[in-house]
Amino acid sequence: MSLIEITEVKKRFGDNEVLKGINIDVAPGEVIAIIGRSGSGKSTLLRCINGLENIDEGSISVAGAQLLPDELHLKALRLKVGMIFQQFNLFPHLTAGRNVMLSQMVVKKTPKAEAEAMAKTMLERVGLGHKFDAYPDQLSGGQQQRVAIARALAMQPIALLCDEITSALDPELVSEVLAVVKELASEGMTLLMVTHEMRFARDVCSRVVFMHQGRVHEIGKPEEVFSNPKTPELQQFLGMTH
Amino acid sequence: MDEFTTWDILRNLLLAARWTVLLSLVSFIGGGLVGAALLFARIGSGRIGPTFVKAYVELFQGTPLLMQLFLAFFGLGLLGVDVPAWLAAGVALILWSAAFLTEIWRGCVEAIARGQWEASSSLGMGYVQQMRHVILPQALRIAVPPTVGFSVQVVKGTALTSIIGFVELSKAGTVVTNATFEPFTVYGLVALIYFCLCWPLSKSSQILERKLNVAHRNH
Ligand SMILES: Nc1ncnc2c1ncn2[C@@H]1O[C@H](COP(=O)(O)OP(=O)(O)OP(=O)(O)O)[C@@H](O)[C@H]1O
Ligand SMILES: [Mg+2]
């Protein structure tokens, strides 16, 4: 049984067809890396899965439930699928702890004490238990991104979407965030991540999706995709980034 | 003929200045309430709300306040409603303030990064929850300095109401001048009083702006 089923998904911005029929099935516990050139539609795909963009054709279902663009279905979907962004997007007016507590209390109506306990646990989990009372602007980029991960985890999603979550970080901060993601992967979290970290994709991911011009151009196990790229586009892409 | 001492002049002006302060407060607070209502209509997802507010703002920003005062005063009079000057002045200034405040605040809401909307959406929050917990707390903070700054415009705007016969500081200046024939002293004092009202406001707006830039934080 697939956890996330993406079937013939098309997305246009005006005349610009950005996704031209995407098919991907993700099994529970899979860690999928999405790679591809800038503009190939990687972010758009993740945003569609989270309902931040409406799809024009095709269907997306998560844990058996269709993604429909009305408020109720969207909310149900977003409780199942968390998203982490390149720019962290922490709420700057709230402490790290409050960032993690807010949506639990507001969306799930979790009592404050419980939300606080959950926030502590999740911050511990990303190694930031001691930063509960720090504001985002008092944290390094890597720490902020880990708070963002804790914030998403606190909603207890069954899958996480990560869009280039280390791209805005200084090189020395990348590994601390990837370590957290690796940990999640080993605990069985389903992950879809757009990434430029090829080594990470090779070591941690169960499958790699190469997107090119709005299509899934190649898909397969990391060994196959990286060692034996079949299409000239992927060969060129890998040559470019190595 | 009685002699007017400077003190007499000042005392009369200060008494009238109470009306300037009161009218400013009413206009600013009333304008703030109407402006807040307009703001929600403007940034809401409806069709009619945003269009209406856009037109409203353009109308009030695109015509002189003086004309708005005349229309409120004489226009309502034409309809057979006998409007006292204070009412026309209050209504016109409230509507005028609302137009500017709603526009200032819209700018503040739109200044909040799109990522804040997206992150809160992805956490399952609905529009009202996002507004209440994520967007407005941040927007309010950046709105404070320009809002306080605008209050200076309101105080100065009240001077125009003297033309429709509302006796506030400027009108009192004219009356006292007619009695004393000392226009320079009188208007000098009038200007001084306006300055004493406005300067603290614009100064605090500057200080607030600097403070909020240094530590943009809630608690
Ligand atoms: N909101 C939007 N409105 C119009 N066009 C958009 C919008 N978002 C994305 N696009 C277009 O869709 C195409 C794919 O964008 P997308 O962000 O998905 O690419 P990407 O693969 O994530 O690239 P990158 O590696 O640079 O992040 C681009 O041509 C982009 O200009
Ligand atoms: Mg992208």
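Fair warning: this is a prediction, and the values are worked out from it, not measured in the lab. Residue indices begin from 1 for each chain and proceed along its sequence in written order. Ligands are numbered from 1 and chains lettered from A, in the order in which they are written. In keeping with the model being predicted, local features are shown solely for residues with a pLDDT of at least 70 and side-chain atom pairs are shown and tallied solely at 80 or more, while totals for entire chains, interfaces and linings include all residues. Side-chain descriptors were evaluated using all non-hydrogen atoms of the structure, hydrogens and water having been removed beforehand.

Let's talk about empty space enclosed by the protein
Next up, step 1: Only protein atoms enter the calculation, which uses a 1 Å grid: trapped sets of points that fit a 1.4 Å probe without letting it out are cavities, open sets showing protein on both sides within 12 Å along at least five of seven lines are pockets, and any residue with an atom within 4 Å of a point is a lining residue. Grid points are joined across faces, edges and corners, and a volume is the space filled by probe spheres set on the points. A full pass over the atoms with the stated rule returns 3 cavities of 30 Å³ or more.
Next up, step 2: The volume enclosed by the largest cavity comes to roughly 60 Å³.
Next up, step 3: Surrounding the largest cavity, Gly82(A), Met83(A), Ile84(A), Phe85(A), Phe88(A), Ala148(A), Arg151(A), Ala152(A), Ala119(B), Ser122(B) and Leu123(B) form its lining.
Next up, step 4: In this count, Pro and Cys sit with the nonpolar residues alongside Ala, Val, Leu, Ile, Met, Phe, Trp and Tyr, while Asp, Glu, Lys and Arg are called charged and the others, Gly among them, polar. Looking at the lining of the largest cavity residue by residue, the class counts come to 8 nonpolar, 2 polar and 1 charged.
Next up, step 5: Taken as a whole, the second largest cavity spans an internal volume of roughly 50 Å³.
Next up, step 6: Cys162(A), Glu164(A), Ile165(A), Thr166(A), Ser167(A), Leu178(A), Met193(A), Val194(A), Thr195(A), His196(A) and Glu197(A) together form the lining of the second largest cavity.

Examining the interface of chain B and chain A
Next up, step 1: Two residues form a contact once any of their heavy atoms are found within 4.5 Å. The interface is formed by 23 residues belonging to chain B together with 25 residues belonging to chain A.
Next up, step 2: Buried area counts how much accessible surface, traced with a 1.4 Å probe, disappears from two parts once they are put together, with both parts' losses summed. A buried area of about 2,000 Å², summed over both sides, lies between chain B and chain A, and 57% of it is on carbon and sulfur atoms.
Next up, step 3: The salt bridge criterion pairs a side-chain nitrogen of Lys or Arg with a carboxyl oxygen of Asp or Glu, the two atoms within 4 Å. On inspection of chain B and its partner chain A, the count reaches 1 salt bridge.
Next up, step 4: For Glu118(B), the salt bridge goes to Arg47(A), with nearest N and O atoms at 2.9 Å.

Some words on the pattern of salt bridges
Where side chains of opposite charge bring their charged atoms close, a pairing between them can arise.
Next up, step 1: Taken as a whole, this structure holds 14 salt bridges over all chains when the rule is applied.
Next up, step 2: One salt bridge in this structure joins Arg207(A) and Glu30(A), with 2.6 Å as the shortest N-O distance. Note that Arg207(A) is positioned in strand β9 (residues 207-212) and Glu30(A) in the loop between β2 (16-26) and β3 (31-36), a separation of 177 residues in sequence. Like Glu30(A), Arg207(A) is buried.
Next up, step 3: For Glu110(B), the salt bridge goes to Arg106(B), with nearest N and O atoms at 2.9 Å. Here the residue Glu110(B) and the residue Arg106(B) both occupy positions in helix α4 (residues 85-110), the gap between them amounting to 4 residues, near one helical turn.
Next up, step 4: Through salt bridges that share partners, Lys10(A), Arg12(A), Glu17(A) and Glu57(A) make up one connected network. Here a strand is any run of E in DSSP of at least two residues, a helix any run of H or I of at least four, and the numbering for each starts at the N terminus. Only protein chains enter the calculation, and the probe is 1.4 Å; a residue is then buried if its accessible area is under 20% of its type maximum, exposed if over 50%, and partly exposed in between.

Topic: the UniProt feature "transmembrane region" (unreviewed entry) in chain B
Residues and elements named next belong to chain B.
Next up, step 1: UniProt positions are given in the numbering used here, feature names are shortened, and annotations may be inferred rather than shown by experiment. If you check UniProt for "transmembrane region" (unreviewed entry), the listed places come out as residues 20-43, 55-79, 85-105 and 184-202 in our numbering.
Next up, step 2: Structurally, residues 55-79 is divided into 84% helix and 0% strand, and its ends, taken at the C-alpha atoms, are 24 Å apart.
Next up, step 3: A distance of 30 Å separates the end C-alpha atoms of residues 85-105, which is 100% helix and 0% strand.

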